[in-house]
Amino acid sequence: QGCDGILCVLTEKIDAQLLEAAGPNLKVVSTMSVGFDHLSLDELKKRGIRVGYTPDVLTDCVAELTVALLLATSRRLIEATHEAKTGGWGTWRTLWLCGHELANSTVGILGLGRIGVAIAERLKPFKVKKFIYTDVAPRPELANMIEAEYVSFDELAKQSDFLAVCCALTQETHGICNWNLFSKMKKNAIFINTSRGGVVNQEDLYEALSTGLIAGAGLDVTTPEPLPTHHPLFTLKNCVILPHIASASYTTRNAMSALAANNLLAGLRGEPMPKELKL
Ligand SMILES: O=CC(=O)O
C-alpha cells in the first residue's frame, strides 16, 4: 500500500487487486524476468504504470540450459545415471539406453525470438540437417541468422525430430502444445519446453509420452510450479523435469538483478528505462 515502485519475480502476480492495494503512488513495476505473463498489462497501462523487464541478459544462459535439457532427454542421461548407481549396469548390451541423436536431424522451433536463435546457433555444430520454425508470421531477419525455414504449425509437428518451445505465454499460445500437436509428431520426436508451462496441455503430453506417441520430453517449466511430486509426469522415464532453472547461472542472475534494479530506479526518476516494455 502506498509504494512508488515494485520489484517482482515471475511467481508474483501483478493484477488489478494488487494494483488497487498499492494505490495511486505506484509509478513503476520492474520484473526480474524476460517473461511477463504474470503481469496484467491492461491494468498497468490503464493506470499509466511503467513496466521494466530483463530480456537479452539471459538469452545465452537459457539457450545453454535448453541444449543441456535436450541432450539429457534425447540421450536418456537421467535414466542412465540412475541405472549406473542402482545396479542396472550389467554386461554391455546392444540396444540398452539407446536414444536419438542430433546429427542429420530436423530441429523445430515454436516461436522464433532471440532465445530460439541462440538455441539453434548452439545446436548447429551437432550437425543438425535443418532448422524449421513457426510463429504468428515469418521472421526473416532472425530466421536468416540460422537459415531456418518458416513452416506451418502442422508441418512443424510432422517434420521435427526435436521440437523446442520458445514462445511467450499469451492467450493465443495457451495450451497450444496439445493432442493436436503431439498426435502429428514423429514417434522418435523429443519435445523440449523452456518457455512457460501454460503452453502445454500436460494431460495430453502424459498420454503422448506414456503411449509412445513421441519419444521423450524435457520440461524446465510446468503447471503449476512447483509441480507436485505425485504428478503423473514424474512417473515417466522419458520425461525429464527441471525446476525452472534455465536462467540460473551466477552471471546471468546477477545481470538480471542489476537490470531489474536499474529499470526500477529509472522508472522512479521518470528517466528512460534500460529495458522498458512498451504497453
Ligand atoms: O522464466 C524466466 C524468465 O521469464 O525470465
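Everything discussed here concerns the structure shown above.
Report follows, based on the coordinates.

What counts as what
Residues numbered from 1 in each chain as written. Predicted model: local features only at pLDDT ≥ 70, side-chain atom pairs only at ≥ 80, totals over all residues. Heavy atoms only, no water. Helix = DSSP H or I, 4+ residues; strand = E, 2+ residues; numbered from the N terminus. Buried < 20%, exposed > 50% of the residue type's maximum accessible area, 1.4 Å probe, protein only. Contact = heavy atoms within 4.5 Å. Pairing = 2+ DSSP bridges. Axes fitted to C-alpha atoms, helices over the stretch in contact; angles between N-to-C directions. Disulfide = S-S within 2.5 Å. Core = buried A, V, L, I, M, F, W, Y, C linked by side-chain atoms within 4.5 Å. Near = heavy atom within 4 Å. Polar contact = N/O pair within 3.5 Å; in protein donor to acceptor, adjacent residues only side chain to side chain. Nonpolar A, V, L, I, M, F, W, Y, C, P; charged D, E, K, R; others polar. Parallel < 35°, antiparallel > 145°, perpendicular 65-115°, else oblique. Left-handed = near helix turned anticlockwise from the far one by under 90°.

**Observations regarding the side chain of T252**
At step 1: Within the secondary structure layout, T252 lies in helix α10 (residues 250–269).
At step 2: Of the residues examined, T252 reaches a relative accessible area of 7% and is grouped as buried.
At step 3: Sequence-distant contacts of T252, that is, excluding residues within four places in its chain, are made with V57, L58, C61 and S247.

**Some points on the pairing of strand β9 (residues 216–219)**
At step 1: Along β9, one buried face is formed by G216 and G218 and the opposite face, lined by A217 and L219, is buried too.
At step 2: Inspection of the sheet shows strand β8 (residues 190–193) paired to β9 by 4 bridges, in the parallel sense. If you follow F191 over to β9, its bridge partner there is A217.
At step 3: In the sheet, β9 pairs with strand β10 (residues 239–241) via 3 bridges, with the strands oriented parallel. When the sheet's bridge partners are listed, G218 is paired in β10 with V240.

**Thoughts on the sheet that holds strand β2 (residues 28–31)**
At step 1: Reading across the sheet, the 3 strands line up as β1-β2-β3 and stay open at both edges, with parallel pairing between neighbours. The sheet terminates laterally at β1 (5–8) and β3 (50–52), the two strands that pair on one side only. On average, each strand axis in the sheet is inclined to that of its neighbour by 15°, with strand direction left out of account.
At step 2: As paired strands, β1 and β2 are joined by 4 bridges and run parallel to one another. Within β2, the position partnered with G5 by the bridge is V28.
At step 3: The strands touched by α10 are β1, β2 and β3; relative to β2, the strand with the most contacts, the crossing angle is about 170°.

**Observations concerning the state of the cysteines**
At step 1: Within this structure, the stated rule accounts for 0 disulfides.
At step 2: No disulfide involves C61; its nearest neighbouring cysteine sulfur is the one of C166, lying 14 Å away.
At step 3: Owing to a relative accessible area of 10%, C61 belongs among the buried residues under this scheme.
At step 4: Free of any disulfide, C166 has its nearest cysteine sulfur in C167, 7.8 Å distant.

**Some words on the nonpolar core**
At step 1: Ranked by internal contacts, the top residues of the largest apolar core, which has 34 residues, are L102, V107, I109, L112, L123, F131 and I146.
At step 2: Every element with two or more residues in this core is listed here: α3 (59–74), β4 (106–110), α5 (114–123), β5 (130–134), α6 (140–146), β7 (162–165), β8 and α10.
At step 3: For L102, the residues in contact, after removing those within four places along its chain, are L70, L71, V107, L123, F126, K127, V128 and F162.
At step 4: Listed in part, the 27 residues of the second largest apolar core include I132, V165, C167 and I214.

**Some points on the site of the ligand**
At step 1: As a structural note, the neighbourhood of the ligand is formed by L10, S33, V34, G35, L58, R196, H244 and M256.
At step 2: Within the contact set of the ligand, an oxygen atom lies 2.8 Å away from a backbone nitrogen or oxygen of G35.
At step 3: Take H244: an N or O atom from its side chain is 2.7 Å from an oxygen atom of the ligand.
At step 4: By residue class, the composition of the shell around the ligand is 4 nonpolar, 3 polar and 1 charged.

**Description of the packing of α3 against α5**
At step 1: Running from N to C, α3 and α5 cross one another at 55°; their axes reach a closest spacing of 8 Å. Regarding the angle of α3 to α5, the classification is oblique. Crossing geometry of α3 relative to α5 is assigned as right-handed. Along its contact with α3, which presents T59, D60, V62, A63, E64, T66, V67 and L70, the element α5 presents R114, I115, A118, I119, R122 and L123.
At step 2: For the contact of α3 with α5, a count of residues per class yields 8 nonpolar, 2 polar and 4 charged.

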